[in-house]
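Below are the chains, spelled out letter by letter.
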Amino acid sequence: MASFKFPPELLAIITSLSDRETLRALRLTNHLLCAFATKNLFFKFSLNTYDRTCEHLELIIAHPRLKKHVRKIYLNTVEDDYESDDDRLEVDLELPWKWKDVLSMLSKLPNLESVILRFDKNCSIGDNYGETPQSNEYRETIIKWLGTGLGSLKKPLKELGFWNQQNVTPLTKDFQQVLSTLSSLRLNVVHEIEAPYSGYEIEKEEVQEFYARILPSVWLKPSMGSLRKLSLYSNFYWGFYPQFSLGGIHCPNLQSLTLGNYSFFEDKQLDWILSHSSTLQELYLDDCQILTQTRLSNLSKCPIPRSRMKLQTSEGMGEAWHHHYPRRWNEYFCSFEKHLLHLRRFAIGHSNEWDLQYVVMPFEKERDLVPVLMRDRYMAFDGDLAVAHFHSLCEYAGHVDWPHCDDEDREALKALYRKIKQQVDYGEFTMGEHKVADLMDVCSR
């Protein structure tokens, strides 16, 4: 193959887009292709719980050249989430004891930049709602081993991701230093859910504590100084109830922000996004909603000051505190267009990766988010109902105060896309159970 002449830059692109089987084959062709294929083949490594992958990683760590190529590791305590009808749910998973030794050797990977830890989506605080395969002790032990390994790294870690991190699982002290140097943090939080979902789960003290204190103080404030990319998802609606405050949190280098299942209810939240206007280039809002109406009789856990609430009596529902938030998505889009001068990519919609029946959340999928104005982009919150607190347009279709601004939202979104020069499909297509036409979720099939 003496006549094989390709620019090195082109070979790098080709091999970076090749699957693992192709890369293995390319390593057997010639020295040039072998070098490019090897770099991409060992760039990422997936460590699973069975011994064979542990042995493979140990062999890579022991190899003087191969270990230099490893930059990202996926730590998969599960390869596929357990489903509710899976017989394996009845068996507690045993700890992968080989991980204890392997994770302590991460410092021997000189160019390691990214670590993603994946747990199962099912979790439980106690024995209230049936079996879960990974106990609290299981999760805490894995995190303790990982913290020890990351704490010994010779170079600061750039990216850390927790896929299905249970809200009650604590971080060890080793993570504080790791968080302080991160440029990318991904956190998908799972909570204990009773089947069928009743709405009482968000009242649990552990859930309230996570959003009021743990998320801002333990996760975000230690990392905010260095973060360039932040992705936050929850299998509960969050932002309003459970109460979460962005006060004291600012990421001066933030370039990419992704929020999943997040509720907007006051201008402070929009202002917080706009406060990153000098750096923010990408913004993704996945299944996020504006709460136009809220109703509560108990304000002890409400983030809205009493002075902004009105005590009203509703027919058949009694006396309660009400709050009306007048902002609409078209106002948000106009603010993004006007103030986010460096914005290059924006999407609001519903990721196809969501599976609400089994509470599966998207992970590393923000660039796949299809821009759609979903029907439940506006919601109402009623804290006094015996069922789920959040309600969509479908359930409140006859509400006289419900927003009727489809055209305004669509035109403002199109104006934003014209401003940032982002190409978007304005045609008709189906997305899961939704039919989309001209950016609008017109109906569910």
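A brief structural summary. (Residues numbered from 1 in each chain as written. Predicted model: local features only at pLDDT ≥ 70, side-chain atom pairs only at ≥ 80, totals over all residues. Heavy atoms only, no water.)

Comments concerning the overall build of the protein chain
- Per the secondary structure count, the protein chain includes 11 helices and 17 strands.
- The proportion of buried residues among the 445 residues of the protein chain is 52%.
- Here the contacts in the protein chain between residues at least 6 apart in sequence split such that 75% fall between residues at least 24 apart.
- Carbon and sulfur atoms form 50% of the exposed surface of the protein chain, whose accessible area is close to 21,400 Å². (Helix = DSSP H or I, 4+ residues; strand = E, 2+ residues; numbered from the N terminus. Buried < 20%, exposed > 50% of the residue type's maximum accessible area, 1.4 Å probe, protein only. Contact = heavy atoms within 4.5 Å. Areas by Shrake-Rupley, 256 points an atom, 1.4 Å probe, with all protein chains shown as cover.)

Description of the pattern of salt bridges
- Evaluation of the coordinates by the stated rule reveals 21 salt bridges.
- The shortest N-O distance in the salt bridge between lysine 414 and aspartate 438 comes to 2.8 Å. Placement of lysine 414 in helix α11 (residues 406-420) and of aspartate 438 in the loop between β16 (434-437) and β17 (440-444) is noted, with a sequence separation of 24 residues between them.
- Given the relative accessible area of 25%, aspartate 438 is considered partly exposed.
- Salt bridges sharing common partners tie together Lys72, Glu159, Arg186, Glu364 and Glu366. (Salt bridge = Lys/Arg side-chain N within 4 Å of Asp/Glu carboxyl O.)

Thoughts on the packing of aromatic side chains
- In this structure the tally under the stated criterion is 24 aromatic pairs.
- Look at tryptophan 238 and phenylalanine 244: their rings are 5.3 Å apart centre to centre, the planes differ by 65°, and that puts the pair in the edge-to-face class. Each member of the pair, tryptophan 238 together with phenylalanine 244, is buried.
- One aromatic cluster in this structure is built from Phe210, Tyr211, Trp238, Phe244, Tyr262, Phe264, Trp329, Tyr332, Phe333, Phe336, Phe346 and Tyr417.
- The ring of tryptophan 163 carries the charged tip of arginine 118 above its face, separated from the ring centre by 4.2 Å.
- When the ring centre of tyrosine 426 is taken as origin, the NZ or CZ atom of lysine 414, which lies over that ring, is 4.9 Å away. (Phe/Tyr/Trp six-rings, centres within 6.5 Å; stacked < 30°, edge-to-face > 60°. Lys NZ or Arg CZ within 6 Å of the ring centre and 35° of its normal.)

Details of the nonpolar core
- Membership of the largest hydrophobic core comes to 113 residues, with the highest contact counts inside it found for Trp219, Phe336 and Phe346.
- Examining the composition of this core, we find that seven residues originate from one element, helix α8 (residues 205-223), more than from any other.
- Residues in contact with phenylalanine 336, not counting those within four places in the same chain, are Leu270, Ile273, Leu274, Leu283, Leu285, Phe346 and Leu416. (Core = buried A, V, L, I, M, F, W, Y, C linked by side-chain atoms within 4.5 Å.)

Details of unusual backbone geometry
- In this structure, the amide linkage connecting tyrosine 241 to the following residue, proline 242, adopts the cis form with an omega of 10°.
- Note on placement: proline 242 falls in the loop between β6 (229-238) and β7 (256-264).
- Of note in this structure, asparagine 261 is not a glycine but carries a positive phi near 70°.
- Within the secondary structure layout, asparagine 261 lies in strand β7.
- According to the relative accessible area criterion, asparagine 261 is buried, its value standing at 5%.

Focus on empty space enclosed by the protein
- The final tally for this structure, using the stated rule, is four cavities of 30 Å³ or more.
- Considered as a void within the structure, the largest cavity measures approximately 90 Å³ in volume.
- Around the largest cavity, the lining comprises 14 residues; the ones closest to its centre are Leu232, Phe244, Leu246, Leu259 and Trp272.
- Where the lining of the largest cavity is concerned, the elements lending two or more residues are β6, β7 and α9 (267-274). (1 Å grid on protein atoms, 1.4 Å probe; cavity = no way out; pocket = protein on both sides within 12 Å on 5 of 7 lines; lining within 4 Å. Points joined across faces, edges and corners; volume = space filled by probe spheres on them.)

A short note on the packing of helix α1 (residues 8-16) against helix α3 (residues 31-41)
- Here α1 crosses α3 at 45°, and the two axes come no closer than 9 Å. Classified by the angle between their axes, α1 and α3 sit oblique to one another. Relative to α3, α1 is oriented so that their crossing is right-handed. Between α1 and α3, the contacting residues are Pro8, Leu11, Ala12, Thr15 and Ser16 on the first element and Leu32, Leu33, Phe36, Ala37 and Asn40 on the second.
- Of the residues that constitute the contact of α1 with α3, the class distribution is seven nonpolar, three polar and no charged. (Axes fitted to C-alpha atoms, helices over the stretch in contact; angles between N-to-C directions. Parallel < 35°, antiparallel > 145°, perpendicular 65-115°, else oblique. Left-handed = near helix turned anticlockwise from the far one by under 90°. Nonpolar A, V, L, I, M, F, W, Y, C, P; charged D, E, K, R; others polar.)

Looking at the side chain of serine 256
- The residue serine 256 is located in strand β7 in this model.
- You can call serine 256 buried: its relative accessible area is 4%.
- Of the polar contacts made by the side chain of serine 256, one reaches the side chain of glutamate 282; its length is 3.4 Å.
- Sequence-distant contacts of serine 256, defined by excluding residues within four places in its chain, comprise Arg228, Lys229, Leu230, Leu280, Glu282 and Tyr284. (Polar contact = N/O pair within 3.5 Å; in protein donor to acceptor, adjacent residues only side chain to side chain.)

Considerations on the packing of helix α10 (residues 329-339) against α11
- At a minimum axis distance of 8 Å, the contact between α10 and α11 shows a crossing angle of 15°. Relative to α11, α10 is oriented roughly parallel. Both α10 and α11 take part in a crossing whose hand is left-handed. For the pair formed by α10 and α11, the contact residues are Trp329, Asn330, Phe333, Cys334, Phe336 and Glu337 on the first element and Glu408, Asp409, Ala412, Leu413, Ala415, Leu416 and Lys419 on the second.
- Along the lines of polarity and charge, the residues of the contact of α10 with α11 split into eight nonpolar, one polar and four charged.

Side note on the pairing of β16
- Alignment of strand β15 (residues 428-431) against β16, held across four bridges, turns out to be antiparallel. Residue pairing across strands places glutamate 428 opposite alanine 437, the latter belonging to β16.
- If you look at the hairpin formed by β15 and β16, you'll find two residues sitting between the two strands, and glycine 432 has a positive phi there, around 65°. (Pairing = 2+ DSSP bridges.)

As for the layout of surface pockets
- For the second largest pocket, the calculated volume is near 560 Å³.
- Listing elements by their share of the lining of the second largest pocket, those giving two or more residues are α1, α2 (20-26), α3, β1 (44-47), α4 (51-62) and β2 (72-76).
- Split into classes, the residues belonging to the lining of the second largest pocket amount to eight nonpolar, nine polar and five charged.

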